[in-house]
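Listed below, chain by chain, are the residues.
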Amino acid sequence: MKLARTLLCILILTGCDLQAIAQTNWPQFRGADSRGVATSKNLLDRWSATENVAWKRDMPGRGWSSPIVWGDRVFLTTVINTGKSEEPKKGLYFGGDRPKPADSAHQWKVFCLDVKTGEVRWERQVHEGKPETPIHLKSSYASETPITDGERVYCCFGNVGVFCFDLEGKEVWKHTLKPQAIRNGWGTAASPVLHRDRLYLVNDNDQESYLLALDAKTGEQVWRTPRDEKSNWATPFVWQNAQRTEIVTPGTGKVRSYDLDGKLLWSLKGMSSITIATPYEHNGLLYVSSGYVLDLTKSIYAIRPGASGDISLKAGETSNEFIAWSQPKAAPYNPSTLIFNERLYVLYDMGMVRCLQANDGTEIFSQQRLPNGRAFTSSPWAYNGKVFCLSEDGVTFVLKEGNQFELSHTNELAADDMCMATPAIAGDRLLIRTSARIYCIQSSTAAAKIDRPEKLTATIGDVLMRIDGPKMWTLSGFDFQNSKIAVEDSAYGSVLNISGVGILGSAHFLDVPGKLGEVEKEQVSLVQFFLDEQPVTEISPTMNLVGQSFRMTRESTIRGVQLNSSMTLRDGVLTETVRLRSAEAVDLKVSYPLMYAWSPAMSRYLFGDDNEVQRRGVFLSEPAKPAEGLEKTSRWMAVYNPQDQKGAVVSLTQRPATSDAWLQFTDAPGIYRKLRLMSFSEKTMPAGFDGTFQMSVAFFTATDNDWEAQAQKRMQRLQPPTGTQSNITRSH
């Protein structure tokens with residue numbers, strides 16, 4: 001840890017280009033140099049909510065802070081409202097002011113995720129209570145982006161405090177911030193910056209603005225300089241130029257630059273009445289912008305180092321000794337500008353792009369409309385000859401860099417993704433945070449190295465389960481105490497039978513040579529494996545895992561229906577959970593999230609509703625007409641093999657309150673015996689459906705005389721706690 005941090009400090013002290021660091025780390029907002037440019041040739045320019053997604057993780061609460069990356073860790077912040085939050089609207093509008101803070105308790109949290117898998121490494125709550133200050137409808141209480149030096153991670157929550165953790169999640173220190181009134185109750189947003197052993201924070205508000213320096217090791221205040229400013233939201237920039245290191249702070253009244261002791265070096269008037277964008281340096285010039293949409297002044301400045309005193313332009317001037325050039329009506333409002341291959345790109349909130357020459361400010365092309373681009377808050381980024389502009393609707397407009405405006409294509413995320421955070425880039429991974437989740441965009445070749453074995457077995461206690469990669473990573477069989485319970489090569493996974501289309505999903509297979517029920521493949525975007533709750537990252541074509549617990553998570557889509565599934569094997573119980581979501585109504589004959597195909601040796605059965613046995617018997621042993629087969633419905637079922645004295649109980653343990661659900665058992669002699677979860681008797685999954693189904697399998701050993709009693713005991717152990725089980729039976 002200390003070596004990594006020392007390396008970063010050496011690079012800073014020697015003025016080395018930090019792009020080398022940024023290839024694997026993204027330590028702060030817009031990267032190590034605050035410019036938002038990456039150089040990895042393996043980064044992708046095409047993705048969707050499912051395409052080229054190495055992993056994605058739903059995040060609780062709301063936070064517009066950007067993710068940051070160091071090594072194999074991703075850090076981000078969020079604040080969870082234990083009450084009900086008002087849904088934000090997209091775009092610029094009046095009426096979003098909320099003068100009073102929420103009256104419900106909130107939880108301020110820091111998350112650390114594994115960059116390879118998205119799994120939560122640790123989660124820390126730093127504060128809980130009712131907010132003391134309000135925020136705008138579109139804002140969040142977690143809008144400040146963390147920063148790390150490779151040894152510690154620093155997380156600022158405006159009007160609450162700054163919290164420092166080591167990379168393993170141990171709290172090192174915290175520094176309380178006194179709540180201050182912000183213009184119109186809009187909330188805070190300026191992120192902290194780090195230089196050597198000091199952390200710098202700007203707090204521009206309507207009561208007592210200041211620039212604060214904290215000791216990075218202890219959190220103690222080093223100095224605090226008052227600022228003659230009102231509310232702003234711009235993150236400062238530590239400018240290390242050929243002459244000195246200074247702290248540049250944009251503001252409504254003035255852009256000010258301070259030395260490392262907090263003393264004013266120079267100032268510049270001529271900003272708009274609201275300042276948000278982050279400054280940065282390129283080829284020796286400092287670029288500062290401020291462009292509130294309702295102001296006439298929307299200035300971009302390119303500033304030379306070495307200034308002192310007031311360097312403001314006089315009337316009619318566009319440059320002077322220290323201002324290399326300026327454009328008084330060119331700046332964006334929320335996004336920061338971007339320099340890529342000597343071109344300065346300006347992304348405007350209302351969906352237009354402009355391009356200037358970076359060295360002198362001359363126009364390369366005038367404002368051009370992004371087709372159907374409505375609202376933009378995230379700052380643009382660039383790599384591999386492309387410029388990326390992410391809208392609040394979750395659509396990324398990919399532009400070809402050059403002297404002409406040329407839209408290459410667009411990439412669209414999910415319908416519930418609202419995007420205001422600026423993405424992070426680490427190595428060949430692009431991390432996009434939305435209102436609902438965080439995506440890791442990575443090439444399928446790289447992702448395949450992580451989570452796509454061809455075959456996998458997991459032996460957990462007395463149970464062995466098999467997973468077959470070519471069948472989209474679904475269960476292909478399981479054994480109990482070396483006895484076959486489920487038929488191998490008869491896998492039933494997340495499958496939907498959609499009216500007018502047929503069965504969809506690559507995981508639907510019948511155990512008959514040459515007969516496959518596959519019609520349309522589902523799109524699998526994520527597969528992850530965990531042994532004893534640790535992610536399995538060393539993947540080989542054929543894997544044999546042994547431990548105390550095993551878990552597989554899987555995400556996919558079929559015709560717009562999103563499926564998130566989890567299969568867990570622990571303590572002799574196999575639990576499979578599937579969450580189905582659909583923005584639009586889908587006509588379904590029946591839903592098949594979970595299925596099991598029983599071995600022919602499992603000849604005896606009983607099933608029932610709650611604790612009552614409804615039917616018992618022996619499976620048909622001879623081929624029969626379909627009408628003669630067993631096809632009944634219930635909530636639980638037990639099967640038993642009298643030769644091996646092994647059995648299993650399956651129970652429907654969870655279903656959505658908004659959906660009927662039942663189990664159906666089919667015995668087709670000579671073909672298969674299967675148990676399947678059925679739902680949607682009305683033949684339609686309603687628009688906006690979001691529901692979770694769960695089935696659990698418990699294994700047992702018993703004699704022929706007491707197997708039914710043992711089965712019922714195991715079934716009772718699978719039931720949810722009293723008061724949590726909905727009525728999930730179906731009448732016929």
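Some words on the overall build of the chain
If you tally the helices and strands in the chain, you get 4 helices and 56 strands. Within the chain, the proportion of its 732 residues that are buried is 61%. For the chain, the proportion of contacts with a sequence separation of at least 24, taken over those separated by at least 6, is 59%. Surface accessibility of the chain: about 28,700 Å² in total, with carbon and sulfur atoms responsible for 47%.

Some words on the nonpolar core
Judged by nonpolar contacts, the single largest core of 55 residues is most densely connected at Met 465, Phe 478, Phe 529, Phe 550, Leu 574 and Tyr 596. No other element matches strand S56 (residues 689-701), which puts 5 residues into this core. Aside from chain neighbours lying at most four places away, what touches Met 465 is Leu 456, Thr 457, Ala 458, Leu 475, Gly 477, Phe 478, Phe 550, Met 567, Leu 569 and Leu 574. Trp 47, Trp 381, Ala 414 and Ile 441 belong to the second largest nonpolar core, which has 35 residues in total.

Remarks on unusual backbone geometry
Apart from glycine, the bulk of residues carry a negative phi angle, and the bulk of peptide bonds sit in the trans form. A positive phi angle, close to 65°, is found at Asn 482, a residue other than glycine. Relative to the helices and strands, Asn 482 resides in the loop between strand S36 (474-480) and strand S37 (483-484).

What to know about helix H4 (residues 707-718)
If you check H4, its first and last C-alpha atoms are 17 Å apart, about what 12 residues at 1.5 Å a residue would give, namely 16 Å. The secondary structure elements touched by the buried residues of H4 are strand S45 (573-582), strand S48 (604-609), strand S51 (636-641), strand S52 (646-654) and S56.

Points about the state of the cysteines
Two cysteines whose sulfur atoms are joined by a covalent bond form what is called a disulfide. One pass over the structure, following the stated rule, counts 0 disulfides. Looking at Cys 156, it has no disulfide partner, and the nearest cysteine sulfur is the one in Cys 155, 9.1 Å off. Residue Cys 156 is classed as buried on the basis of its relative accessible area of 2%.

With respect to the side chain of Lys 56
Tracing the sequence through the fold places Lys 56 in strand S1 (residues 53-58). In this structure Lys 56 comes out as buried when scored by relative accessible area, which is 11%. A distance of 3.0 Å separates a polar atom in the side chain of Lys 56 from the backbone oxygen of Ala 49.

Details of the sheet that holds S1
The strand order across the open sheet formed by 4 strands is S1-S33-S32-S31, and the pairing between neighbours is antiparallel. Looking at the sheet topology across the chains shown, the edges are occupied by S1 and strand S31 (424-426). The sheet shows a mean angle of 15° between the axes of neighbouring strands, direction not considered.

Side note on the environment of Val 613
Here Val 613 is to be found in strand S49 (residues 612-618). Along the backbone, Val 613 and Gln 712 are 99 residues apart, and their C-alpha atoms lie at a distance of 8.7 Å. The residues contacting Val 613, other than those within four sequence positions of it, are Leu 606, Phe 607, Gly 608, Trp 636 and Gln 712.

Some thoughts on the sheet that holds strand S12 (residues 210-215)
Read from one edge to the other, the open sheet built from 4 strands follows the order S10-S11-S12-S13, with strand pairing classed as antiparallel. Sheet topology places strand S10 (193-195) and strand S13 (221-226) at the edges, where each strand pairs with a single neighbour. Between one strand axis and the next, the sheet turns by 20° as a mean value, whatever way the strands run. Of the strand pairs in this sheet, S12 and S13 are connected by 5 bridges, and their pairing is antiparallel. Each bridged residue has a counterpart across the sheet, and for Leu 211 the counterpart in S13 is Thr 225.

Examining the packing of aromatic side chains
Taken as a whole and assessed by the stated rule, the structure comprises 21 aromatic pairs. Members of the aromatic cluster, joined through ring pairs, are Trp 47, Trp 381, Tyr 383 and Phe 388. Over the ring of Tyr 93 we find Lys 89; its NZ or CZ atom is 4.5 Å from the centre of that ring. Positioned over the ring face of Phe 530 is Arg 551, at 4.3 Å from the centre of the ring.

Observations concerning the pairing of strand S9 (residues 171-176)
Pairing geometry for strand S8 (residues 161-166) and S9, over 5 bridges, is antiparallel. Bridge pairing links Val 162 to His 175 in S9. Where S8 folds back on S9, the antiparallel hairpin that results is connected by 4 residues, among which Gly 169 adopts a positive phi of roughly 95°.

A closer look at the pairing of strand S42 (residues 542-547)
A one-sided burial pattern is seen for S42, the buried positions being Met 543, Leu 545 and Gly 547 and the unburied ones Thr 542, Asn 544 and Val 546. Where strand S34 (residues 455-460) and S42 come together, 6 bridges link them in parallel fashion. Paired with Thr 457 across the strands is Asn 544, a residue of S42.

Quick word on the side chain of Asn 232
Tracing the backbone through its elements, the reader meets Asn 232 in the loop between S13 and strand S14 (237-240). By relative accessible area, which is 5% here, Asn 232 ends up buried. Excluding its chain neighbours within four sequence positions, the residues that come into contact with Asn 232 are Asp 204, Gly 251, Thr 252, Ile 274 and Thr 275.

As for the pattern of salt bridges
Close approach of charged atoms allows side chains of opposite charge to pair. Following the criterion strictly, the structure yields 34 salt bridges and no others. Residue Arg 152 pairs with Glu 151 through a salt bridge whose shortest N-O separation is 3.5 Å. Its salt-bridge partner being Glu 229, residue Arg 256 comes within 2.7 Å of it at the nearest N-O pair. Here Glu 229 lies in the loop between S13 and S14 and Arg 256 lies in strand S16 (residues 255-258), a separation of 27 residues in the sequence.

Examining a nonpolar patch on the surface
On the surface, a cluster of nonpolar side chains totalling about 510 Å² of accessible area is made up of Leu 92, Phe 94, Val 293, Leu 294 and Met 350. Tracing the chain through its elements places Leu 294 in the loop between strand S19 (285-290) and strand S20 (299-303). Look at Leu 294 and you get exposed, because its relative accessible area is 55%.

Some remarks on the confidence of the model for the chain
Here the chain averages 85 in pLDDT, while 84% of its residues score no lower than 70. Confidence drops under a pLDDT of 50 for residues 508-519, and excluding neighbours within four residues, the segment shows 27 contacts in the predicted structure. Per-residue pLDDT stays below 50 along residues 721-732; that stretch engages in 17 contacts with residues further than four places along the chain or on separate chains.

Quick word on the environment of Trp 108
The residue Trp 108 is located in strand S4 (residues 106-114) in this model. Trp 108 sits 18 residues away from Val 126 along the chain, and the two C-alpha atoms are 5.7 Å apart. When residues no more than four places from it in sequence are discounted, the contact partners of Trp 108 are Thr 78, Val 79, Arg 124, Gln 125, Val 126, His 127, Glu 128, Gly 129, Pro 131, Tyr 141, Phe 157 and Val 160.

What to know about the environment of Phe 340
The residue Phe 340 is located in strand S23 (residues 338-340) in this model. Taking relative accessible area as the criterion, Phe 340 reaches 7% and is therefore assigned buried. Once the C-alpha coordinates of Phe 340 and Ala 382 are considered, the two residues, 42 residues apart in sequence, prove to be 6.8 Å apart. Beyond its immediate chain neighbours, meaning those up to four positions away, Phe 340 contacts Val 37, Tyr 345, Ala 382, Tyr 383, Asn 384, Gly 385, Lys 386, Val 387 and Glu 401.

Each value, and the rule that gives it
- Residues numbered from 1 in each chain as written.
- Predicted model: local features only at pLDDT ≥ 70, side-chain atom pairs only at ≥ 80, totals over all residues.
- Heavy atoms only, no water.
- Helix = DSSP H or I, 4+ residues; strand = E, 2+ residues; numbered from the N terminus.
- Buried < 20%, exposed > 50% of the residue type's maximum accessible area, 1.4 Å probe, protein only.
- Contact = heavy atoms within 4.5 Å.
- Areas by Shrake-Rupley, 256 points an atom, 1.4 Å probe, with all protein chains shown as cover.
- Core = buried A, V, L, I, M, F, W, Y, C linked by side-chain atoms within 4.5 Å.
- Expected span 1.5 Å × (residues − 1).
- Disulfide = S-S within 2.5 Å.
- Polar contact = N/O pair within 3.5 Å; in protein donor to acceptor, adjacent residues only side chain to side chain.
- Pairing = 2+ DSSP bridges.
- Axes fitted to C-alpha atoms, helices over the stretch in contact; angles between N-to-C directions.
- Phe/Tyr/Trp six-rings, centres within 6.5 Å; stacked < 30°, edge-to-face > 60°.
- Lys NZ or Arg CZ within 6 Å of the ring centre and 35° of its normal.
- Salt bridge = Lys/Arg side-chain N within 4 Å of Asp/Glu carboxyl O.
- Patch = residues over 30% accessible without salt bridge, like charges linked within 9 Å, V, L, I, M, F, W, Y side chains within 5 Å.
- pLDDT = per-residue confidence, 0-100.

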